[in-house]
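# Coordinate analysis (summary)
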Amino acid sequence: MTLKEHYSNSKKPVISFEIFPPKDDETKEKFQKLLGHLKTLKKYNPAFVSLTYGAGGSTQTNSFDMIKKIQSEVGLNVMPHFTCVCVRKNHILEYLSQIESLGIKNILALRGDVPCDCSVKNFDFHYANELVEFIKTHSNLSIGVAGYPEGHLECDNFMLDMKNLKRKVEAGADAVFTQMFFDNEKFYSFCQSARDLGIEVPIIPGILPIRSYGQLEKMLSMARVSLPEKLRIKLEKFKDNPDDIKKLGVEFATQQCQELLKFGICGLHFYTLNSSKAPSEILDNLRG
């Protein structure tokens, strides 16, 4: 099913998960371990699994291998990511043809960050809305895009960032998947701003269960994301105890999802960091 069909036909909030392909220098055992995590997550009936894609196609080979294995060995639908910086139009056409030949119905279109070793000097695409329009014109894929509840790190004007989101939707996006956030009020405000601008497509909150204090610090340095003061205090208290941090992460994410469900969201998109443990615990809590 397409994104539009998933979010319009389901009577329950749609569940989806994000994973990333192991790096080229990682072992086959890690590859199989990830498939094992997906088999665990399958019991929650996810509509699809989104699969990240390195800027400039740096993980393309592993991405294709993962798509095939997820489909054949796990039996889950895949929504691959695609970034457009450092990529020529002819390469994108080839990629679109390949993933459609695998039966893929959906794609997440992103600008991506420019890698340090990018050899392309004159980009065919500078912004995600250009990629969305190109995919819409040259394929039958349903397109998802990224949204930033607190604004993109490279854009200091929130309303300008929202107008950029509207450009992506007007270019043909069918759904918006947000960056992680920990303050639901930021998400609610983001949704209201989107609706005020006439953005009517589904907006899916991205949920990141906190698993490590150091890992969280690194992620916060790479994105415009704030922490509620109560959460910050608890994280500081337990920062030297990994088990307590993981427990806190599950408890906080569970409460966050409960509040989002009451708000009326049509789906939950979990950033799994290639582990089934925290998402499973959160979804079990929501069921209980």
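Structure: above.
Reference entry: report on the structure contained in this document. Here, residues in each chain are numbered from 1, in the same order as that chain's written sequence. In keeping with the model being predicted, local features are shown solely for residues with a pLDDT of at least 70 and side-chain atom pairs are shown and tallied solely at 80 or more, while totals for entire chains, interfaces and linings include all residues. For the side-chain quantities, the full set of heavy atoms in the structure was used; hydrogens and water were omitted.

A few words on the environment of Cys257. Its location among the elements puts Cys257 in helix 10 (residues 242-263). For every residue, the accessible area (1.4 Å probe, protein chains only) is compared with the maximum for its type, and the residue is labelled buried under 20%, exposed over 50%, or partly exposed between those bounds. The class of Cys257 is buried, set by a relative accessible area of 0%. Only heavy atoms enter the contact rule, under which two residues are in contact if any of them lie within 4.5 Å. Excluding residues within four positions of it along the chain, Cys257 makes contact with Ile207, Leu268, Phe270, Ile282 and Leu286. By definition, any uninterrupted DSSP run of H or I lasting at least four residues is a helix, any uninterrupted run of E lasting at least two residues is a strand, and each is numbered from the N terminus.

With that settled, the discussion passes to the packing of helix 4 (residues 89-101) against helix 5 (residues 128-138). For helices, the fitted line uses only the C-alpha atoms of the stretch in contact; every axis is such a line through C-alpha atoms, and the angle between N-to-C directions lies from 0 to 180 degrees. At a minimum axis separation of 11 Å, helix 4 and helix 5 run at an interaxial angle of 50 degrees. With respect to their mutual orientation, helix 4 and helix 5 come out oblique. For the crossing formed where helix 4 meets helix 5, the hand is right-handed. Note on element contacts: helix 5 touches helix 4 through Leu131, Phe134, Ile135 and His138, opposite Lys89, Ile92, Leu93 and Leu96. Taken together, the residues that form the contact of helix 4 with helix 5 break down as six nonpolar, one polar and one charged. If an angle is under 35 degrees, it is roughly parallel; if it is over 145, roughly antiparallel; if it lies from 65 to 115, roughly perpendicular; otherwise it is oblique. Crossing handedness is read from the near helix: turned anticlockwise from the far helix by less than a right angle, it gives a left-handed crossing, and turned clockwise, a right-handed one. Three residue categories are used. Nonpolar comprises Ala, Val, Leu, Ile, Met, Phe, Trp, Tyr, Cys and Pro, charged comprises Asp, Glu, Lys and Arg, and polar comprises the others, including Gly.

To form a nonpolar core, buried Ala, Val, Leu, Ile, Met, Phe, Trp, Tyr and Cys residues must be joined to one another through side-chain atoms within 4.5 Å. One finds Ile107 and Phe270 to be the most contacted residues of the largest nonpolar core, which totals 64 residues. Ignoring any residue separated from it by four or fewer positions in sequence, one finds Phe270 in contact with Ile15, Ser16, Phe17, Glu18, Ile207, Cys257, Ile282 and Leu283. If you look at the next biggest cluster of nonpolar residues, it comprises 16 residues, including Leu231, Leu235, Ile245 and Leu273.

Of all five residues in strand 7 (residues 203-207), five are buried, a share of seventy percent or more. Side chains of strand 7 alternate between two faces, with Ile203, Pro205 and Ile207 and Ile204 and Gly206 buried alike. Two strands form a pair only when DSSP identifies at least two bridges running between them. Relative to strand 7, strand 6 (residues 175-180) is paired through three bridges, and the arrangement is parallel. Across the sheet, the residue bridging to Met180 is Gly206, located in strand 7. Handedness is read with the strands pointing away from the viewer; a crossover is right-handed when the path from the first strand over the helix to the second is clockwise. In this region the chain leaves strand 6, passes through helix 7 (residues 184-196) and returns to the parallel neighbour strand 7; the handedness of that crossover is right-handed.

Glancing now at the pattern of salt bridges. We count a salt bridge whenever a side-chain nitrogen from Lys or Arg sits within 4 Å of a carboxyl oxygen from Asp or Glu. In the structure shown here, the tally under the stated rule is seven salt bridges. Close ionic contact of Lys166 with Glu170 constitutes a salt bridge, the shortest N to O distance being 3.9 Å. Of this pair, Lys166 and Glu170 both sit in helix 6 (residues 158-170), four residues apart, roughly one helical turn. According to the relative accessible area criterion, Lys166 is partly exposed, its value standing at 26%. A residue is classified by how much of its surface remains accessible, and Glu170, at 59% relative accessible area, is exposed.

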